[in-house]
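# A structural walkthrough
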Amino acid sequence: MAYSWVVCTLLFFAWLSPNRGLSQQSRQDQERWQASVEALANQEYKKAETMLHAWTQDFPLDEKAWFNLAVAFERQKKHQEAMDAFEKVLQIKADFPGIYRYLGLMALRQGMHEAATRHFKQAVEQEPHRFEPWFYLGSLYLESRQMDSCEWALQKALAINKGTPSVWLEMARLKRRTGNMQAAARMLAQARSNAPAYL
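Scope of this entry: the structure provided in the associated data block. These numbers come from a predicted model, not from an experiment. (Residues numbered from 1 in each chain as written. Predicted model: local features only at pLDDT ≥ 70, side-chain atom pairs only at ≥ 80, totals over all residues. Heavy atoms only, no water.)

### Considerations on the overall build of the chain
- If you tally the helices and strands in the chain, you get eleven helices and zero strands.
- Counting across all 199 residues of the chain, residues that qualify as buried make up 47%.
- Excluding contacts between residues fewer than 6 apart, the proportion of contacts in the chain whose partners are at least 24 apart in sequence is 53%.
- Element-wise, carbon and sulfur atoms account for 50% of the exposed surface of the chain, whose accessible area totals about 10100 Å². (Helix = DSSP H or I, 4+ residues; strand = E, 2+ residues; numbered from the N terminus. Buried < 20%, exposed > 50% of the residue type's maximum accessible area, 1.4 Å probe, protein only. Contact = heavy atoms within 4.5 Å. Areas by Shrake-Rupley, 256 points an atom, 1.4 Å probe, with all protein chains shown as cover.)

Structure below.
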């Protein structure tokens, strides 16, 4: 699938501040939180897991900490633990920004395409302005041969960002599968013009 090259980079995400207001934090708490963020940024996922687990024990309603803990689990391929932590995020804050996008990406990494499709449908409702959920949803529709839905989602992605070659490549695949070879050639040319070194 054309989306595989960006899955890993998009899954990493760390909040710069916890749910508790900075004015309410002790200096020690601020230092603990910053250390956990730095551990994530440095890809020290086991260290981040240990710090964030302790934090969630102290502050069990901090959805941002649960989210970062889920990321730390996921990067260690602890998929069930990551899913449990993401579920905690949803229990605390159902409209947590980006949550369905990350659930979709995690499902993709595990080859769970039906679950990924479900999550990306929720993601485009939550974040209709973001390119990635529309792109991934279009790619999944293409794999399941839902051609009309695929074109609809990819056109939404193009309306947000026409400069990404991967979406033009998916459009080319769509046109080729539907037998429109001239349109496929045009889409491929557009992909090359956006990133000639990429193709």
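### A look at helix α4 (residues 63-75)
- With 13 residues, α4 ought to run about 18 Å at 1.5 Å a step, and its terminal C-alpha atoms sit 19 Å apart, in line with that.
- Within α4, twelve of the 13 residues are buried, leaving the element largely enclosed by the surrounding structure.
- Among all positions in α4, only Glu63, Lys64, Ala65, Trp66, Phe67, Asn68, Leu69, Ala70, Val71, Ala72, Phe73 and Glu74 are buried.
- With a side-chain oxygen lying 3.2 Å from the backbone nitrogen of lysine 64, the N-terminal cap of α4 falls on aspartate 62.
- Positive phi appears at lysine 77, one or two residues downstream of α4, with a value of about 65°. (Expected span 1.5 Å × (residues − 1). Polar contact = N/O pair within 3.5 Å; in protein donor to acceptor, adjacent residues only side chain to side chain.)

All we've got here are geometric facts, nothing functional implied.
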